[in-house]
Amino acid sequence: MSALVQYHVEDGVAFIGLANPPVNALSQPVRAALAAACEVAERDPAVRVLILYGEGGSFSAGTDIEEFGTPAALSTPDFPTLLRHLTQLDKPLIAALEGVALGGGLELALACGYRIAEPSAKLGLPEIQLGLIPGGGGTQRLPRLIGVDAALSMIISGQPLLAARARELGLIDRLADSADALLDNARAFAEELAAQKAPPQPQPPQPEPGAGLADDFFQRYIEQNQKRWRGQVAPRLAVEAVQTACELPLEQGLVRESALFSKAMESSQSTALCHVFFAERQADKVPAVERDTPRRPVAKVAVIGAGTMGGGIAMNFANAGIPVVLLEVKREALDRGLAQIRKNYEISIQRGKLSRRVAEQRLALIDGTLDYADLADADLVIEAVFESMDIKRQVFGTLDKVCKPGAILATNTSTLNVDEIAAVTQRPQDVIGLHFFSPANVMRLLEVVRGEATAPEVLATALGLAKKIGKVAVVSGVCFGFIGNRMLEPYAREAHRLVLEGATPAQVDRVLTELGLAMGVLSMYDLAGIDVGYLVRESRRDAISHDPSYCKLADELYGMGRYGQKRGAVSIFTKGASRKKTPKSLQLPSVWRRSWIFPAVRSPIRKSTTAAYSC
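First, a word on what this report is: a plain description of the structure on this page. Per chain, residues are indexed from 1 in the order of the written sequence. At least 70 in pLDDT is required for a residue's local features to be given in this predicted model, at least 80 for side-chain atom pairs to be given and counted, and no such filter applies to totals for whole chains, interfaces and linings, which use all residues. With hydrogens and water set aside, each side-chain value is computed from the structure's full complement of heavy atoms.

Some thoughts on the sheet that holds strand S7 (residues 122-124)
Picture the strands of a sheet paired through backbone hydrogen bonds; they go either parallel or antiparallel.
Reasoning step 1: Strands were regarded as paired on the criterion that DSSP finds at least two bridges between them. Under the DSSP-based scheme used, a helix requires at least four consecutive residues in state H or I and a strand at least two consecutive residues in state E, with every element numbered from the N terminus. Judged by pairing direction, the sheet is mixed, and its 3 strands sit side by side in the order S5-S7-S8 without closing on themselves. Edge positions in the open sheet fall to strand S5 (100-102) and strand S8 (161-162), since each of these has one partner strand only.
Reasoning step 2: Bridge count for S7 against S8 is 2 bridges, and the pairing is antiparallel. Pairing of lysine 122 across the sheet is with leucine 162, part of S8.
Reasoning step 3: Working rule for contacts: check all heavy atoms of both residues, and any pair within 4.5 Å makes them a contact. Helix axes use the C-alpha atoms of the stretch in contact, all axes being lines fitted to C-alpha atoms, and the angles between their N-to-C directions lie in the range 0 to 180 degrees. Contacts from helix H4 (residues 104-111) reach S5 and S7, with the element oriented near 90° to S5.

Side note on the environment of glutamine 201
Reasoning step 1: Structurally, glutamine 201 is set in the loop between helix H8 (182-196) and helix H9 (217-229).
Reasoning step 2: Summary of the burial criterion: residues with accessible area below 20% of their type's maximum are buried, those above 50% are exposed, and those between are partly exposed, where the area comes from a 1.4 Å probe applied to protein chains only. Looking at glutamine 201, the relative accessible area reads 33%, which means it is partly exposed.
Reasoning step 3: For the pair glutamine 201 and phenylalanine 436, spaced 235 residues apart in sequence, the C-alpha separation works out to 51 Å.
Reasoning step 4: Residues within four places of glutamine 201 in sequence aside, it is in contact with Leu86, Thr87, Ala111, Cys112 and Gly113.
Reasoning step 5: Here a polar contact means two N or O atoms within 3.5 Å. Within protein one must be a hydrogen donor candidate and the other an acceptor candidate, and residues neighboring in sequence count only if both atoms are side-chain atoms. At a separation of 2.8 Å, a polar atom in the side chain of glutamine 201 contacts the main-chain carbonyl oxygen of alanine 111.

Quick notes on the pattern of salt bridges
Reasoning step 1: Salt bridges, as used here, are contacts in which a Lys or Arg side-chain nitrogen is within 4 Å of a carboxyl oxygen on Asp or Glu. Tallied over the entire structure, the rule returns 24 salt bridges.
Reasoning step 2: The closest approach of N and O atoms between arginine 220 and aspartate 216, which form a salt bridge, is 3.2 Å.
Reasoning step 3: With a relative accessible area of 32%, aspartate 216 lands in the partly exposed category.
Reasoning step 4: Ionic contacts of the salt-bridge type, sharing partners, join the residues Glu10, Asp184 and Arg187 into one network.

Notes on the layout of surface pockets
Reasoning step 1: A cavity here means a set of 1 Å grid points, computed over protein atoms only, where a 1.4 Å probe fits but cannot escape. A pocket is an open set with protein on both sides within 12 Å along at least 5 of 7 lines, and lining residues have an atom within 4 Å of a point. Grid points are joined across faces, edges and corners, and a volume is the space filled by probe spheres set on the points. In this structure, the second largest pocket occupies an estimated 460 Å³ of space.
Reasoning step 2: What lines the second largest pocket is a set of 20 residues, among which Leu110, Arg141, Gln201, Pro202 and Pro204 lie closest to the centre.
Reasoning step 3: Contributing elements (two or more residues each) for the lining of the second largest pocket: strand S6 (114-117), helix H5 (138-146) and helix H11 (250-265).
Reasoning step 4: For the lining of the second largest pocket, the element with the highest residue contribution is H5, accounting for 3 residues.
Reasoning step 5: Residues are grouped as follows: nonpolar covers Ala, Val, Leu, Ile, Met, Phe, Trp, Tyr, Cys and Pro; charged covers Asp, Glu, Lys and Arg; every other residue, Gly included, is treated as polar. Grouping the constituent residues of the lining of the second largest pocket by class yields 10 nonpolar, 5 polar and 5 charged.

A look at the packing of helix H20 (residues 505-514) against helix H21 (residues 521-528)
Reasoning step 1: Between H20 and H21, the least distance of the axes is 7 Å, while the angle of their chain directions is 110°. With respect to their mutual orientation, H20 and H21 come out roughly perpendicular. On H21, the residues touching Pro505, Val508, Asp509 and Leu512 of H20 are Val521, Leu522 and Ser523.
Reasoning step 2: A class-by-class count of the residues in the contact of H20 with H21 yields 5 nonpolar, 1 polar and 1 charged. Just so you know how the angles are binned, under 35 degrees is roughly parallel, over 145 roughly antiparallel, 65 to 115 roughly perpendicular, and the rest oblique.

Rendered as structure tokens:
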């Protein structure tokens, strides 16, 4: 037997364990070894029931993505063929699920006749996040097991379910007492099946999942979600696959699913998302940070600045259970910032993303202060003030005096020189850049800027914290704009030029959202703040090597105090708006002005985008 699959028999039960660490990916060698083990068990007259489980604390995180598009994916046995073979075994096969059963791992479990899971197990089909659809029978077997609505929810969201919810839906047959008791409980389940002479593959609860659905069910489902999907290919293919499960027998449905999976995999969207998947993992491999690099304990965090960015940063740590103190210089600003944080949590409650109990627990972890002395016991302090070198130097000079030895001092600067900021302290080894992207409590990217003197353990601690608060950390050196803003500058430059040439902000952003972006570039500036972009440009005009006249419009908006959502500014062309006179420098020909303002008012993008950019 292969080392990739463990095999032994106890009292008529064959235990088959996947052993391909760290996540038991179902590569071709694993598939071959699993097929061989099942054949041995099928031929052994002493074996009455098979139990399939995962070694190392997880069942399986799915197929090996690195095989996609290579001959290995089609090598015998390919994944669909293996699953078809498992469904044809003449003995009951139980999937014992521990840790995760995701993607192909869950499809493997679905091909088994019976399923048992330990309480903390997570089950899901996350293929949609790679621009794919389940290609191993997930779109065909899942609706027959839990119904069309629940199956669509799992497939389209890509989010995993905990075992208890999976049991409620009928996705699993039994809940084990604990992870330690999983195999013992599975053995007892096997003995019951053997005593009952249970069939290898029981009849699914919903053999005709389309029965009772309205004739236009799938059409309405697409119409209700197409705005949210924004031109994405995979969700529509997934719906088509589930619809196939309602219209065709299982075997024909599996063939159709395979064709739809290939179509998704060949799309440029899937290619891009798979690239991101591997890039995120490559970003974890940072020179000078080894696995055994010491980490500093972080039990309390302080954030300086209670504005949009500072409040969002504070929420990240509270969400992870870490106490945060939020510092402002004025009571009014602090109260406003704390109120905005509460409002953000209230929105999550209203949308059903958070319970009130959990929201209150997180709010209780955030305290406000006007006194730097309250930062003395913080293990990490993050500065999120205006993008001004003078202000940041002043802040770090104060932090150097009040913070305890060993505290990590971080700046949220998006472009300024971290080494210059560190130079005002007596501890440059403790200074690092932690550049969050707005809204900081939502956006996953976190630029970790390593200064010339930043200690390895400070960098390692920052990377570990990033994971703890659910961020994807990308390490950058000290340079203008780091990584994100160096990429953003030419992107934003062309968007502003299009507006100067007569396009509306709505037209520019609509092209981007229809391409699949969650937000257009002008909407993004409106959310982050027109002032933020201005201050970035103003701080380093010398670093912008090309003609900076493209940002004349944004500079004028800054001068008018139209910063976007944070100011709630409205267009002078909107009913009830202020009649502030438009500067001559922004008075376009009337035909341009009409096409610029009114389509933007009617556009589906945020009204505040229209507000900021409708002078």
